[in-house]
2 protein chains.
Amino acid sequence: MSEEVYLSSEAQHLPTKRRRVTPEYQRTLRLDTETTQKEVYVVGTCLKASLNRSAPPSSKFFSVKCSPSVQYSITPTPQETSHLSPLLLHGNQLLLISMSQASDDLNDSKLCVRYYGEKKQVLGNAILHLTAVEISLDVDADRDGEVEKNNPNKASWKWGPGGHGAVLLVNCDSEQTGYRQPDHEKENITKVSDLKDMSLMVLRTKGPAKLPEGYKLTMHISQSDAESVRVFRSRGPGAKDTSSGSIFYSFFVKTYPLVLSNKVLSQEVPYFGGNAELNFHVEGLRFPDKDFSGFVSISLSLLERIGIEIPDTPIFTDRVMFRMSPWIMTPNTLQPMEVFICRTDDNYTLLQEMKNVVVKSGCELKVCPQFMNRGDRWIQDELEFGYVDSPHHHFPVVLDSPRDGKMADFPYEELLGPDFGYVTRTAHKREVTSLDSFGNLEVSPPVTVNGKHYPLGRIIIGVAFPTAETGRNMTKVIQDFLWAQKVQEPVALFSDWLLVGHVDEFMTFVPAPDRKGFRLLLASPDAGYKLFKKLQNDGHGQARLFEGVKDQTTLTVDEILADKGHQAENNYVQSCIDWNRDVLKRELGLEDADIIDLPILFKLVWDDSQNLGFKALAFYPDMVNMVVLGKNLAIPKPFGPKVNGCCALETEVSSLLECLGLSCTFIDNFYSYHKRLGELHCGSNVRRKPFDFKWWNMEM
Amino acid sequence: MSEEVYLSSEAQHLPTKRRRVTPEYQRTLRLDTETTQKEVYVVGTCLKASLNRSAPPSSKFFSVKCSPSVQYSITPTPQETSHLSPLLLHGNQLLLISMSQASDDLNDSKLCVRYYGEKKQVLGNAILHLTAVEISLDVDADRDGEVEKNNPNKASWKWGPGGHGAVLLVNCDSEQTGYRQPDHEKENITKVSDLKDMSLMVLRTKGPAKLPEGYKLTMHISQSDAESVRVFRSRGPGAKDTSSGSIFYSFFVKTYPLVLSNKVLSQEVPYFGGNAELNFHVEGLRFPDKDFSGFVSISLSLLERIGIEIPDTPIFTDRVMFRMSPWIMTPNTLQPMEVFICRTDDNYTLLQEMKNVVVKSGCELKVCPQFMNRGDRWIQDELEFGYVDSPHHHFPVVLDSPRDGKMADFPYEELLGPDFGYVTRTAHKREVTSLDSFGNLEVSPPVTVNGKHYPLGRIIIGVAFPTAETGRNMTKVIQDFLWAQKVQEPVALFSDWLLVGHVDEFMTFVPAPDRKGFRLLLASPDAGYKLFKKLQNDGHGQARLFEGVKDQTTLTVDEILADKGHQAENNYVQSCIDWNRDVLKRELGLEDADIIDLPILFKLVWDDSQNLGFKALAFYPDMVNMVVLGKNLAIPKPFGPKVNGCCALETEVSSLLECLGLSCTFIDNFYSYHKRLGELHCGSNVRRKPFDFKWWNMEM
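Residues numbered from 1 in each chain as written. Chains lettered and ligands numbered in written order. Predicted model: local features only at pLDDT ≥ 70, side-chain atom pairs only at ≥ 80, totals over all residues. Heavy atoms only, no water.

K.L.:
Summarise the sheet that holds strand β9 (residues 94-99) of chain A; cite the residues concerned and give the values.
P.N.:
Ordered by their spatial adjacency, four strands build an open sheet running β3-β5-β9-β7 (chain A), and the pairing between neighbours is mixed. Taken across any chain shown, the strands that pair with only one partner, and hence form the sheet edges, are β3 (25-29) and β7 (70-75) of chain A. Strand after strand, the sheet turns through a mean of 25° between neighbouring axes, direction not considered. Its contacts with the sheet put helix α8 (residues 564-588) of chain B on β3 and β5 (45-50) of chain A, and the angle it makes with β3 of chain A is roughly 145°. (Pairing = 2+ DSSP bridges. Helix = DSSP H or I, 4+ residues; strand = E, 2+ residues; numbered from the N terminus. Axes fitted to C-alpha atoms, helices over the stretch in contact; angles between N-to-C directions. Contact = heavy atoms within 4.5 Å.)

Structure below.
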């Protein structure tokens, strides 16, 4: 049995899981033989009165009369066959009262309970004047983009294709481009266009022109939920064209009053008589995180005034539940839309070559200018593109890294804008390491692991060995954020063996026409040595690495193979990568045939500056650090030994990848990136199309 | 399908839910034709090597030879029918290696892969020397009080009678009585008796006398989990009597070194050769709360040294999962053990009368002396008794209220002790209201609500209306704590209409032989007025309330009924109680026949001191505020109007309750408690026997 999430009772709290509760809403009513009672009844509920509790002393019989609009029953059902003559009064009899439609006028329905003595003499009458109203707080609980009427599942939330429950977006884009600030941080709605980032919630009411004196409608949320949402409303009700069945909303009002926020947990909302619809706009304020499950509930109550200086009593409560959209990452297998690269003093040619690949791939090259990047070229590390999604709207959201290099302002100042959201997490400066750069944050294509389907893939991050007594880690606030999104459950790899420490230094994913729709590419020193040994064996021992690179000492294949110390270093690197290979196979459900080893050698360097000890760096341009744009791959040019004028490394990598229908373009990034301890992937960032798959359809 | 809780991968984090993963642990191994490799193999795992990746260039064939202790297979399975002659080397062949039992000596098992050229000439040998060890980190995953060997479910946790997963206790009692401090706050284990508050975890190993050079065992936890547990170990291994199969542990060592804590996340643990068992003692540090799900994992890894200044590689990891016992409350239907009452200047007679009821009920009266209570008699409000439970041990735990009156020190100074735990939550002083007193914290007997079973009942608290713009609430830290325990999902009632504001002013539960095994008793002004009207009707209009109470103005039944203002106040009170009645029926799955209305009138008073407005107080001693001790009820003596020398209120209440087999003792608490705005229940506290039902058997 799949479980649903419900909000517990009335108190502020996290949702808990429990089974569906029958929606029938019963209310205990006091019968009073001394004063006529005026009650508001909400269609769909049931009023329940003890017949005995308020009966005059010595009452032995009773009878009930009511207007045709009122239905009543007595429980336990009386023995008597006719209700016309007085019935015998028992100790535990209950009167159940309901009405099937809204009243046109106040108090237009009546019910009277008459009590009789032993000799059927009248002892008293309990008279009720009833006004019936219809009240429904509605959301898009069936996730079709429309707010349906009174969905029976609106108060709970269930994952999966057979699930239900409305969706919220964190309103983290900025409608204004002049003064950039995420909209949810602004005090008010500044543009009507901002409404589409919110979820529509409709209060549908039907009844007399106004509520009886002493009754009012109030919307309310718990203190906890108020940290995560705000509610605005439209000033007036939408005019409902009942003749055609279509609905027109008056969107000409300029201001939308704030109804609920962390400062106002409860506020009266207007009642408009007749058949009325009042629009509310629910705005998400924060993403799921360690202390926020993503679920929020909003309630609407009908209050009855009992007396002055006494709190009004909620006599009916309708409730709806939302879940905040997670922040979703996009793997290399999704269609690229924009490629971001920084312009620097030394990358003019590279930019041209990249532009060719980008244009060939049908997407756009966005150059981050020098005044903005201030010499920092590692745009991969500063930010990660993702998106948020709901049935009514979706938009990209950039996750800003705590790295905060010289282009720290770029995500906020340049990316944040209309329909482009922004989110970040603040870490203590001293906790931030190179592992918090987002070259260390990747995502797999969709996978199935031991029967569990991850239709949005799994996030991949790099950390230290869990057994290490010291070591660099990705900072806790970022890890907490990533795990809390839930839909791309992260996998933690070991990347602390690398000097820079990013998972993109030894792995990437490329699309493939067969098997799981992709291949995992892993850097492999063993594959490198195997290739070099084959070259030596085939008589190319004197072919030279780094030939044609200006001011760079070249090395022959023979020299590479003769260096046993270097081989030992690479054996260590291979074992580090193999450790990750085992984790990736296990956590992504991969077989060896889903993995391709690329011939890449590393070297160990001694790091004094941060006291890191021996750490690894690519020995020649690290081809796995490539940019994947559909079938086109922009790969760091390795400057490998040449055989018949062709680089043997390029030949090998091309032959491994071209059979998958991929096209390899090798681009020289030797001085501009490789020598600065990064490659093409580190120096670029790709915004991709969102998944077609909707996150709320995941089976959790 | 029921879901299980697993810990994600390697990173520190909350557990996420996913399906069972096959436990087979595969490790990629590098074959090397240049040096003999010495590897440690863990029984139950699989070593996987690419035959091709390390083959000498021009290799065309290979053959595999090994010791009889080693099993191997090749995948894909070779076409050749015999493995004796060299096999054709393919590009994607993998060698899978396993061993079925631990080695007696280091490197006592061998495996050799021989590579051949085109003409079957030998090109090289990859030689492996293998040492097999058995490693199992074990816990009581089947919850029978014994630590079984290598339970296949030990790494995950599942609720319910068919579930699995080990249990931890927060070690919040104090073994020492001289210097009281919860044991988990102490730096070390101070008494061997403290070990029983911890969960036993056994590291079982089998293998040669020592591990090969460069290998070691390390225990580790994530940073998050280290906030919730510590791990101690015994100094030496338990001596296992293999002849009889029974196990004896040497508990004579006095000190137990701390292995893991929030300061040490990873530490080497000793390996003892042969067939060894090493005991660890896992101590819970904190209860589930808003930011802690209660789940923690502990891992043990075998590390391989790759080089100096390079982190050791974990080549095998075994993992166990625990869940912290929740703090569990005990409803009135559980057998009472001890009744606590404060001695005051004015309650000598009451103490005697209470003692009679307590003794009759087979439990013990514990008097809190005056030097300790310092004149504060409201012991109900200062603390709540509960307990923690595991398969191996359980003990009571007092939850100390943030109320902190004059007897604030009593729970810590008097109750905390050996096998008596203590927990509290710190709230901002200015947030604490009368609603934080634990007369406002009760628990229902076991109930079933729309098919959902609550075998431990549901916690009941009182708050303001969720729609109220102002109002008193139970403080958030306490609410968060109560909800996080999960097994007694709270129900929030409306109690802010009362001046004191406690749910025990209008409700209690008593045992019953029929129906659900209990009745809910509710205070009811309507029932009160009904009784008074009947008295008047029967000619007792001149009978007097409060007759026989010294210095108290009496009132006739006629006078009570003539006061229409007072009747209006009580109508309001009845509507407040009815609102709660509806919530209780809904949230506890009750029918009207499960509820008994007790005739109790209230009055409204204007509160200036805290600016609360009109709030309600009991008009005469509030009989529902009774002490329930099995079938014996100690009820505040109401001093109602007398009919034939008997109090009509006592007569009515006795007749309602005695038919359930209950015995009512009415005790005068008029001046000592009632006039001070409380009654017997507020002035007492009962410690009860734990449930027989085990919390981990709940279906969640």
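K.L.:
Tell me about the packing of helix α6 (residues 525-537) of chain B against helix α9 (residues 648-658) of chain B, residues and numbers included.
P.N.:
Residues and elements named next belong to chain B. Interaxial distance between α6 and α9 falls to 11 Å at its minimum, and their mutual angle equals 120°. As the angle between them shows, α6 and α9 are arranged oblique. Seen along the crossing, α6 lies across α9 with a hand that is right-handed. Here Leu 531, Phe 532 and Leu 535 of α6 lie close against α9, whose contacting residues are Ala 648, Leu 649 and Glu 652. Among the residues forming the contact of α6 with α9, the class breakdown is five nonpolar, no polar and one charged. (Parallel < 35°, antiparallel > 145°, perpendicular 65-115°, else oblique. Left-handed = near helix turned anticlockwise from the far one by under 90°. Nonpolar A, V, L, I, M, F, W, Y, C, P; charged D, E, K, R; others polar.)

K.L.:
Which residues make up the interface of chain B and chain A, and what values do they have?
P.N.:
Each side of the interface is counted separately: chain B has 93 residues, and chain A has 93 residues. Counting the surface lost from both chain B and chain A, the interface buries some 8600 Å², and carbon and sulfur atoms represent 50% of this. There are 14 salt bridges connecting chain B and chain A. Between Lys 533 of chain A and Glu 34 of chain B there is a salt bridge; the shortest N-O distance is 3.7 Å. On inspection of chain B and its partner chain A, the count reaches 23 residue pairs in polar contact (both at pLDDT 80 or more). Residue contributions to the side of chain B that touches chain A peak at 14 residues, all from α8 of chain B. (Buried area = accessible area lost by both parts, 1.4 Å probe. Salt bridge = Lys/Arg side-chain N within 4 Å of Asp/Glu carboxyl O. Polar contact = N/O pair within 3.5 Å; in protein donor to acceptor, adjacent residues only side chain to side chain.)

K.L.:
Report on the packing of aromatic side chains, specifying residues and quantitative values.
P.N.:
Enumeration according to the criterion identifies 52 aromatic pairs over all chains in this entry. Considering the side-chain rings of Phe 465 of chain A and Trp 579 of chain A, the 4.9 Å spacing of their centres and the 75° angle between planes classify their relative orientation as edge-to-face. Note that Phe 465 of chain A is positioned in the loop between β32 (459-463) and α5 (476-484) and Trp 579 of chain A in helix α8 (residues 564-588), a separation of 114 residues in sequence. Trp 579 of chain A carries the same exposure label as Phe 465 of chain A, and that label is buried. Ring centres of Trp 157 of chain B and Trp 159 of chain B lie 5.1 Å apart, and the angle between their planes is 75°; on these two criteria the pair is classed as edge-to-face. For the pair Trp 157 of chain B and Trp 159 of chain B, a shared accessibility class is recorded, and that class is buried. Among the aromatic residues, those joined into a cluster by ring pairs are Phe 532, Phe 546, Phe 619, Tyr 620, Phe 639, Phe 670 and Tyr 671 of chain A. Geometry around Phe 295 of chain A places Arg 323 of chain A over its ring, the cationic atom sitting 5.6 Å from the centre. In this arrangement the basic side chain of Lys 637 of chain B is found over the ring face of Phe 639 of chain B, its NZ or CZ atom lying 5.7 Å from the centre. (Phe/Tyr/Trp six-rings, centres within 6.5 Å; stacked < 30°, edge-to-face > 60°. Buried < 20%, exposed > 50% of the residue type's maximum accessible area, 1.4 Å probe, protein only. Lys NZ or Arg CZ within 6 Å of the ring centre and 35° of its normal.)

K.L.:
Break down the sheet that holds strand β19 (residues 266-269) of chain A for me, citing the residues and quoting the values.
P.N.:
Residue and element names in this part refer to chain A. Spatially, β13-β22-β21-β15-β19 is the arrangement adopted by the five strands of the open sheet, whose pairing is mixed. Edge positions in the open sheet fall to β13 (166-168) and β19, since each of these has one partner strand only. Adjacent strand axes in the sheet meet at a mean angle of 35° when their direction is disregarded.

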